[in-house]
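A structural walkthrough
Below are the chains, spelled out letter by letter.
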Amino acid sequence: MDPIKRKIKKFEKIFKQYPDIFPKGYFRYFEISMRKKIENKEIIFKNGVILTWKKYKKTPSGIYKKLKLKPGDIKVNQLVNKNQGNGMAKKVFISFLKKFKLNDIYLDVRLDNKKAIRFYKKNGFKKVANTKFGNIKGIIMKKSKNLKGGN
C-alpha cells in the first residue's frame, strides 16, 4: 500500500468514529477527496486532529456566491479529533486561524452542534446564513480577515 493511501486509511478510521456526523455514504469519495486535499496542501494532520479546507481560486456558485465569497477566501471543510475533548482540535484550529488571519474564513456547522457554534463564536465567527445538509439544519459562519495585520 502506498504511503498516501495508508495515511488516508488512518484519516478514514478517525472520521468513522463519528457516524452521526459522517454517515456511511460520506465515504464513497473519501479517498479521492483526501488525496486532493493532500495534493493541494489543504490539510493539517497533527496530534490526531484533521483539519481540511479549500482556498478559492475563483468565485464559487450557489449560496457562497450570494455571500460574496471571493478568490482568496477560505472555507473550512472538516475539523475532526481522534481524541475528542483533549484540546488538540482547539490548538490546531487556533494555529490555522493565525496562519490565515489575512483571509476571510467560512465554515458550515450543524445547528444542533451547540458546542462547536459557541467555540466558533468565541474565535470571531459570526452567523451569515442558514444552510442544510440533506434534511439537517445548519448555519454558515464567517470570520472576517484581520485588516490591521496584527496578532
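Residues numbered from 1 in each chain as written. Predicted model: local features only at pLDDT ≥ 70, side-chain atom pairs only at ≥ 80, totals over all residues. Heavy atoms only, no water.

Focus on the pattern of salt bridges
One pass over the structure, following the stated rule, counts 11 salt bridges. In this structure, aspartate 108 engages lysine 75 in a salt bridge whose closest nitrogen and oxygen atoms are separated by 3.4 Å. Note that aspartate 108 is positioned in strand β4 (residues 105-110) and lysine 75 in strand β3 (residues 74-81), a separation of 33 residues in sequence. For aspartate 108, a relative accessible area of 23% gives the class partly exposed. (Salt bridge = Lys/Arg side-chain N within 4 Å of Asp/Glu carboxyl O. Helix = DSSP H or I, 4+ residues; strand = E, 2+ residues; numbered from the N terminus. Buried < 20%, exposed > 50% of the residue type's maximum accessible area, 1.4 Å probe, protein only.)

Re the side chain of glutamate 42
Mapped onto the elements, glutamate 42 comes out in the loop between α2 (30-39) and β1 (43-46). When sequence neighbours within four positions are dropped, the list of residues in contact with glutamate 42 reads Lys37, Leu51, Thr52, Trp53, Lys54 and Lys55. (Contact = heavy atoms within 4.5 Å.)

Re the sheet that holds β3
Taking strand neighbours across the sheet as the criterion, the 6 strands line up as β1-β2-β3-β4-β6-β5 in an open arrangement whose pairing is mixed. Since the sheet does not close on itself, it has two edges, and those belong to β1 and β5 (126-133), each with one partner. Pairs of neighbouring strands in the sheet enclose a mean axial angle of 25 degrees, with direction left out of account. Pairing of β4 with strand β6 (residues 136-143) involves 6 bridges; the strand directions are antiparallel. Bridged to aspartate 108 within β6 is isoleucine 140. (Pairing = 2+ DSSP bridges. Axes fitted to C-alpha atoms, helices over the stretch in contact; angles between N-to-C directions.)

So, helix α1 (residues 3-15)
In this model, α1 (13 residues) spans 19 Å end to end at C-alpha, consistent with the 18 Å of a helix rising 1.5 Å per residue. Listing the buried residues of α1 in full gives Ile8, Phe11, Glu12, Ile14 and Phe15. The arc enclosing the buried residues of α1, seen along the axis, measures out at 155 degrees, which places them on a common side. Seen from the open side of α1, the exposed residues pointing more than 90 degrees away from its buried face are Pro3, Lys10 and Lys13. Buried-residue contacts for α1 involve α2, β1, β2 (49-55) and β3. Where α1 begins, one side-chain oxygen reaches toward the backbone nitrogen of isoleucine 4, 3.1 Å away; that side chain belongs to aspartate 2. (Expected span 1.5 Å × (residues − 1). Arc of directions from axis to C-beta. Polar contact = N/O pair within 3.5 Å; in protein donor to acceptor, adjacent residues only side chain to side chain.)

Some words on the packing of aromatic side chains
Summed over the entire model, instances satisfying the criterion amount to 18 aromatic pairs. Considering the side-chain rings of phenylalanine 11 and phenylalanine 45, the 4.9 Å spacing of their centres and the 70 degrees angle between planes classify their relative orientation as edge-to-face. Of this pair, phenylalanine 11 sits in helix α1 while phenylalanine 45 sits in strand β1, and the two are 34 residues apart along the sequence. Here the aromatic cluster, defined as three or more aromatic residues joined through ring pairs, consists of Trp53, Phe93, Phe96, Phe100, Phe119, Tyr120 and Phe125. Directly above the aromatic system of phenylalanine 27 lies the positively charged group of lysine 16, at a separation of 5.1 Å from the ring centroid. Between the NZ or CZ atom of lysine 54 and the centre of the ring of tyrosine 56, over which it lies, the distance is 5.6 Å. (Phe/Tyr/Trp six-rings, centres within 6.5 Å; stacked < 30°, edge-to-face > 60°. Lys NZ or Arg CZ within 6 Å of the ring centre and 35° of its normal.)

A few points about the packing of α1 against α2
Their axes nearest at 10 Å, the elements α1 and α2 cross at an angle of 115 degrees. The interaxial crossing formed by α1 with α2 has right-handed handedness. Counting all contacts with α1, which are made through Ile4, Lys5, Ile8, Phe11, Glu12 and Phe15, the residues of α2 involved are Phe30, Glu31, Met34, Arg35 and Ile38. (Left-handed = near helix turned anticlockwise from the far one by under 90°.)

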